[in-house]
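Fold and geometry: a report
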Amino acid sequence: MAAAARRSRGRAVVLGLLLLGLCAGRAAGGPLRYSVREELPHGAFVGSVASDLGVDPRRLAARGARLTSGSGRQYLELELGRGALLVRERMDRETLCELNPTCFLSLELVIEQPIEVHNVEVEVLDINDNAPRFPRQDYRLEISESAVPGARFPIESAQDPDVGTNSVQSYRLSPSRHFALDLKGFQSGSKLLELVLQQPLDREQSALQQLVLTAVDGGDPPKSGTAQISVRVVDTNDNPPAFDRSTYTVSLLENALPGTLVVKLNASDPDEGSNGDVIYSFSSYTPQKVRQLFSVDPHSGEVRVNGTLDYEESSSYEIYVQATDQGPVSMAGHCKVLVNIVDANDNAPEVVLTSLYSPVPEDAKAGTVVALMSVTDQDSGLNKQVSLRIPPGLPFTLNSFKNSYTLVTQGKLDHEKAAAYNITVTATDSGSPPLSSQKVIHVEISDINDNPPRFEEPVYSVYIPENNPLGVLLCSIKATDPDVAENAYVSYSLLDGEIEGLPVTSYVSIKSDSGNMYAVRSFDYETLREFQVVVQARDAGIPPLSSTVTVYIYVVDENDHAPQILYPTSTNTSAALEMIPRSAYAGYLVTKIIAIDGDSGQNAWLFFHLVHTSDPGMFRIELHTGEIRTTRKLGEDSTPTFNLTVEVRDNGEPPMSSSVAITVAVVDRVSKIIPDTRRHVKSPSNYSEITLYLIIALSAISFVFLFTIIGLTVIKCYRYSLYGDSCCAGFCGVRERSPAELYKQANNNIDARLPHGLKVQPHFIEVRGNGSLTKTYCYKACLTAGSGSDTFMFYNTCGPTGTTGPSAVMTERHLTGQSGQSAQNLIILKNDSITPNEPKHPNPDWRYSASLRAGMQSAVHMEEAGVLRGGPGGPDQQWPTVSSATPEPEAGEVSPPVGAGVNSNSWTFKFGPGNPKQGGPESKKQTQVSFLLCRKGESSQYSQ
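A brief structural summary. (Residues numbered from 1 in each chain as written. Predicted model: local features only at pLDDT ≥ 70, side-chain atom pairs only at ≥ 80, totals over all residues. Heavy atoms only, no water.)

This next bit is on the sheet that holds strand S41 (residues 530-539). The strand order S33-S42-S41-S36 describes an open sheet built from four strands, whose pairing is mixed. Every other strand in the sheet has two partners, leaving strand S33 (459-465) and strand S36 (490-494) as the edge strands with one partner each. Across the sheet, the axes of successive neighbouring strands diverge by a mean angle of 30 degrees, strand direction being ignored. Looking at chain direction, S41 and strand S42 (residues 546-556) are connected through nine bridges and run antiparallel. (Pairing = 2+ DSSP bridges. Helix = DSSP H or I, 4+ residues; strand = E, 2+ residues; numbered from the N terminus. Axes fitted to C-alpha atoms, helices over the stretch in contact; angles between N-to-C directions.)

Together, Leu566, Ile594 and Ile596 give the surface a local cluster of nonpolar side chains, amounting to about 240 Å² of exposed area. Mapped onto the elements, Ile594 comes out in strand S46 (residues 594-596). (Patch = residues over 30% accessible without salt bridge, like charges linked within 9 Å, V, L, I, M, F, W, Y side chains within 5 Å. Areas by Shrake-Rupley, 256 points an atom, 1.4 Å probe, with all protein chains shown as cover. Salt bridge = Lys/Arg side-chain N within 4 Å of Asp/Glu carboxyl O.)

Another point: the packing of aromatic side chains. Inspection of the entire model under this criterion finds eleven aromatic pairs. Taking 5.4 Å as the distance between ring centres and 55 degrees as the angle between the ring planes, the aromatic pair formed by Phe523 and Phe531 counts as tilted. Summarising the aromatic geometry, the rings of Phe703 and Phe707 are spaced 6.4 Å apart at their centres and angled 20 degrees between planes, so their arrangement reads as stacked. Here Phe703 pairs with Phe707, and both are found in helix H7 (residues 684-722), just four residues apart, close to one helical turn. Site record: aromatic cluster; members linked through ring pairs are Tyr507, Phe523 and Phe531. Stacked on the ring of Tyr507, the Lys or Arg Arg521 has its end atom at 4.3 Å from the ring centre. (Phe/Tyr/Trp six-rings, centres within 6.5 Å; stacked < 30°, edge-to-face > 60°. Lys NZ or Arg CZ within 6 Å of the ring centre and 35° of its normal.)

Quantified by volume, the second largest pocket comes out at close to 1200 Å³. Contributing to the lining of the second largest pocket are 43 residues, with Phe153, Pro154, Ala332, Gly333 and His334 lying nearest its centre. Among the secondary structure elements, those contributing two or more residues to the lining of the second largest pocket are strand S8 (138-144), strand S9 (152-156), strand S12 (192-197), strand S22 (316-325) and strand S23 (332-342). A per-class count over the lining of the second largest pocket returns 19 nonpolar, 15 polar and nine charged. (1 Å grid on protein atoms, 1.4 Å probe; cavity = no way out; pocket = protein on both sides within 12 Å on 5 of 7 lines; lining within 4 Å. Points joined across faces, edges and corners; volume = space filled by probe spheres on them. Nonpolar A, V, L, I, M, F, W, Y, C, P; charged D, E, K, R; others polar.)

On to the state of the cysteines. Per the stated rule, a full pass over the model turns up one disulfide. Between Cys97 and Cys103 runs a disulfide, and the two sulfur atoms are separated by 1.9 Å. Note on the Cys97 and Cys103 pair: the S-S dihedral is about 60 degrees, so by sign convention the disulfide is right-handed. The same class applies to Cys97 and to Cys103, which are both buried. (Disulfide = S-S within 2.5 Å. Buried < 20%, exposed > 50% of the residue type's maximum accessible area, 1.4 Å probe, protein only.)

Take a look at the structure:
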């Protein structure tokens, strides 16, 4: 019944594990967990990755999903069509995980665009594919007949590579009257079985007993293994050796060297003689791998390291040692040595390059993923903690994500500076001392078209002699592009333009691939001396980049023009005729050769030579001027004519020349020389062109003059319309307004007429000047109450006679400028004292100086007129003024400051008989008025 119950529970556990494998999922944010049975064939379904991730399987295929494993063999694969995890290779759990109770395969699911990494854990479930096996098929026991009932004899248990319920679950012993099987030790986890003597043995009745021991596992169906036990009954040695401890626990570093002492065992036997001599040895059920790693001394009982330990393979070992005496019937005692391996930092971390995205474009943004890596370390604890780093100064950085790392860009890449990088990734663990490993990642930088072509010279200057042959090479334009491939291929072209009304291509051409510039035509220095073209260099990138350079082409003059004699001229049939009087003296100017040369510079220097004359000593010619003069006085018997030949030669190399034949006639008197009309004959077409040009010029000048007159008239009429007058084109109709109106208007507008921020005392006038009046000035003038002139007119309107006081209006004055300013620009000013009389005619002798009047009228314009208002005179403000240089200046004159011209900005006005010798109105009282002048747009510097 108990065995049946155990089998039932085993089947339930197996069924639960199978259901777990089919329905495995992952916790939110955790790894994908699946379970699969061992020994499944290729293509067996493990789980749906797409559904567990919530992703369409087609998206997994489009994003390049793949599985990676830290181990060398790939037991599972991902089917992208369904997004399913399938078995790729048959798995044997016992080979993968040996006797570990659990067996997991750790995988990584990498999904790109964007990059995602998911951990996948697949548990390999055990199936009952192994039957229990005893270490030996035949056990031979020698039991003394003196053994008492209850004596126990250990038997090695059976081994089953399966785990869980598939391992050994029970034992059966064939029926025996003397022996029974005790399973208490097996149920407590011991690997030893004990055969218990139920009844005393009697060698004489049975010297040998055969027993069959069967081990049964918990699989479905269960599997079993058997062993034969042969019991031979012997005499005596009835005390087995005994260890001082049944279990020894030892901790040992995994890097312990071979020969290191693990533990020293001690077993004793109370028997004497050979029955008490103890020999140590491994028990028969000690695994072979343990026998390879450890050794036991048969006499001393010392257990030592015999091989290389590895914590990553196994963290603990169980060593079963038996002590056997040397009695005739040997007896054995058993103990267990539990060796716990302490991890040492003996494994360097390993960097695994999962993905590499190379080449990387040089315009990649910061954060672009270049490589995906994972790091593994077989150690544990702190020894397993790994950090990655790359050398400083590189435009890359590392980002970590669990045990995965991404290599991303962090700076600007430039293919021209570095076409590739060998990035050394160093992984270092946290052990003591730390271990590290390196992996070199080669990242190439792809070029983009980010550099325009650059010319070798900022400006090209070409000097080409004129009359060059067609197609001659002018120069070679060179431009380089630091990019590569098609981005560095440079082609040359001429930008559109015109030279002397013709396109550039009619003068020069350029070869697109080499940049060689050729002349399309023959240049003539006298027609075109220099010109410039713009050459464009363009690469073949997408989009293309270009740059330009200016090429200056200078035509160098050649001596290709012979001198041209303008005067005198001769033909092939007749010579030029010149006449001299018979009374000509020595040095008499006969004529002057006038010649020109179409060349320039040294090629245009002309030299005159007298190459032939009928009388060699009679005439001479100036080398540079071409003047032909007599060398002596003519005699009465001189020949009537002289024949001369003059050659004009330039300074070219080789020189070119022209000649003219001159006939000099000797006459008694030179009356009038009729000019040779042949020398000045011009074609009718030239006269018609000159006439056309003259007509066009006169028409243009007339139009500009008429437009100017009309414009000035319109401006003048507009200005008069602003002032309220009706005066245009010389017809003025001024409506005179009464002084009361003027006074009222001036009082209403006085605040608006003052510049912003200017404080002017009421008894000052603000006058704005043009020309050199760039600042604010103050002027003083002395005048009588009724004074006037041809420039300024004052009108007095008497108030009530005898009225005094601050509020009394004594006199209103209307000051108008010579330029005809209207009354709307009046400013009310305060007069110091006003005589309440009617205005009288001014003294005709009061006037401006004639020498000054013109300058004042052109330089100083009164743009503001004023109405003087009577009131108590305030304190006289002292302003710097300069009067005339005469001791007694003529009354009515206006004198500029000393040393100033007519455009001076400071004046003194005096009206009235300043000179006592000059008569004037005696009843008039001299009044002093100060004028404050400032330029338009400038604020006054005066403040009260």
